[in-house]
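Structural features, examined
The chain contents come next:
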Amino acid sequence: MNSAPSLPLVDRPQLNLLDKATVWASLLLAGFLFLTVGWFAMEPDDPMGAVSLLTRDSSIIMLLQATALIVVTASLATALAGRKLADAGIFAAAVGLAAVSLRGGTVAYLLMQDGDDIGSTQRSLAMLFALEAVAWCAALVIAIGASGLLVRWCFLNSDPSDQREDDVAAQALGTTSASDIPGIGVLLFGGAFEYQTGLSRGIRHALITTVVGLAAFYVLSTGTATRAMQHGQACFVVAASVYAGCYVAHRLSPARSALWSILAVGLMAVAGYLWSAFRPDVSGAPITAPSSPFLRVLPIQFVSVGTAVAVAMFWQMYVPPADTQPASGRSERESLARNAS
């Protein structure tokens, strides 16, 4: 008895040496910008403080400056590597944002503030962390939009006959997060509707990533309550958790961009901090020992490290279906250009 054949998959096109060098150049540029200009914009008022909106008197000004830097960095990295690697600019900006957070202190600094009532302090801090996580997610969403517009203006609106495109470029231009936004992605950022992730599939992907990621975070955080808080430990737990969530989600509900994994990172952060705010108090804990493992991670680190891992996991896990693989790279690029114009 013959069963209906499943949709065949094709091998992913690979970056050549020059493309890889360009990607590394974009990462170095992002690190340079964030560790110089970024530190000046986001440096805490107290030299021992953590990099957070809560450690600056002018938190709104800091957020605006940081958002502008994220957009500029993502745009520059997209101009460098975005034609050959989807969301290269978002990845570079997230890595730069994570790098600048390492120059400040850990969450211990915030936990020691107003420590007379430990339980009340940690609940309030968890709520503030949830709001701050939303703010950093919004900054990255703006960067996704800016990168999508840059891709459309620079790569999709140019004359296809003027440039030779290969399958690497064709895949990158067809799998950007901006073009995968339901409803408005294709209209604003170009692309084709047949290359978008279905809404139900995307939501399922995000929920799987969130649930599996939160479970992995809790498991990986077991036994850390008595350990000193360190940036490396916090970033590792977030990275491993998002890795696990994205791996399962791409297996069970594959998406055609990193957008839904990035959305799941924000859901993980907000859900974790809100759970920390409403969980029962832990009696007898010292001031610098948070009652919840989520309070060991700064919001800027949770969002930036998680976003970088989400994009990297899409690069690793995505295999284009045969129905979207063009006979030549130029044919898909011409299709994308027609939809963008």
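Quantities reported herein were computed from a predicted structural model and do not represent experimental measurements. (Residues numbered from 1 in each chain as written. Predicted model: local features only at pLDDT ≥ 70, side-chain atom pairs only at ≥ 80, totals over all residues. Heavy atoms only, no water.)

Below, the discussion takes up empty space enclosed by the protein. Following the criterion strictly, the structure yields five cavities of 30 Å³ or more and no others. In this structure, the second largest cavity occupies an estimated 70 Å³ of space. Lining of the second largest cavity is provided by 13 residues; of these, Thr78, Asp87, Ser147, Val151 and Thr176 occupy positions nearest its centre. Elements with a minimum of two residues in the lining of the second largest cavity: helix 3 (88-101) and helix 5 (118-156). If one sorts the elements of the lining of the second largest cavity by residue count, helix 5 sits on top with four residues. Classifying every residue of the lining of the second largest cavity by side-chain character gives six nonpolar, six polar and one charged. (1 Å grid on protein atoms, 1.4 Å probe; cavity = no way out; pocket = protein on both sides within 12 Å on 5 of 7 lines; lining within 4 Å. Points joined across faces, edges and corners; volume = space filled by probe spheres on them. Helix = DSSP H or I, 4+ residues; strand = E, 2+ residues; numbered from the N terminus. Nonpolar A, V, L, I, M, F, W, Y, C, P; charged D, E, K, R; others polar.)

Quick look at the side chain of Ser52 now. Summarising the element assignment, Ser52 is placed in the loop between helix 1 (17-42) and helix 2 (59-81). Only 2.8 Å separates the side chain of Ser52 from the side chain of Glu132, close enough to count as a polar contact. The contact partners of Ser52, leaving out residues within four places of it in the chain, are Met62, Leu110 and Glu132. (Polar contact = N/O pair within 3.5 Å; in protein donor to acceptor, adjacent residues only side chain to side chain. Contact = heavy atoms within 4.5 Å.)

Before going further, it helps to spend a moment on the pattern of salt bridges. It is possible for side chains of opposite charge to pair when their charged atoms get near one another. Applying the stated criterion across every chain yields a total of one salt bridge. A salt bridge links Asp45 to Arg56, with the nearest nitrogen and oxygen atoms 3.6 Å apart. On the criterion of sequence distance, the pair formed by Asp45 in the loop between helix 1 and helix 2 and Arg56 in the loop between helix 1 and helix 2 is long-range, its members being 11 residues apart. (Salt bridge = Lys/Arg side-chain N within 4 Å of Asp/Glu carboxyl O.)

As a rule of thumb, soluble globular proteins bury nonpolar side chains together. Grouped together as the largest cluster of nonpolar side chains are 76 residues, with contacts concentrated most on Met42, Ile70, Phe129, Trp136, Val242, Tyr273 and Phe302. Those elements that provide at least two residues to this core are helix 1, helix 2, helix 3, helix 4 (107-111), helix 5, helix 9 (231-252), helix 10 (259-278) and helix 11 (299-317). For Val242, the contacting residues outside a window of four places in its chain are Val265, Met268, Gly306, Val309 and Ala310. (Core = buried A, V, L, I, M, F, W, Y, C linked by side-chain atoms within 4.5 Å. Buried < 20%, exposed > 50% of the residue type's maximum accessible area, 1.4 Å probe, protein only.)

The next subject is the packing of helix 8 (residues 199-220) against helix 10. Relative placement of two packed helices is described by the angle separating their axes and the distance separating the axes. Between helix 8 and helix 10, the shortest axis-to-axis distance is 8 Å and the interhelical angle comes to 45 degrees. One element, helix 8, and the other, helix 10, form an angle in the oblique class. The handedness of the crossing between helix 8 and helix 10 comes out as right-handed. The segment helix 8 lies against helix 10, with Leu199, Gly202, Ile203, His205, Ala206, Thr209, Thr210, Gly213, Leu214 and Tyr218 engaging Trp260, Ser261, Leu263, Ala264, Leu267, Met268, Ala271, Gly272 and Trp275. Tallied by class, the residues present in the contact of helix 8 with helix 10 amount to 12 nonpolar, seven polar and no charged. (Axes fitted to C-alpha atoms, helices over the stretch in contact; angles between N-to-C directions. Parallel < 35°, antiparallel > 145°, perpendicular 65-115°, else oblique. Left-handed = near helix turned anticlockwise from the far one by under 90°.)

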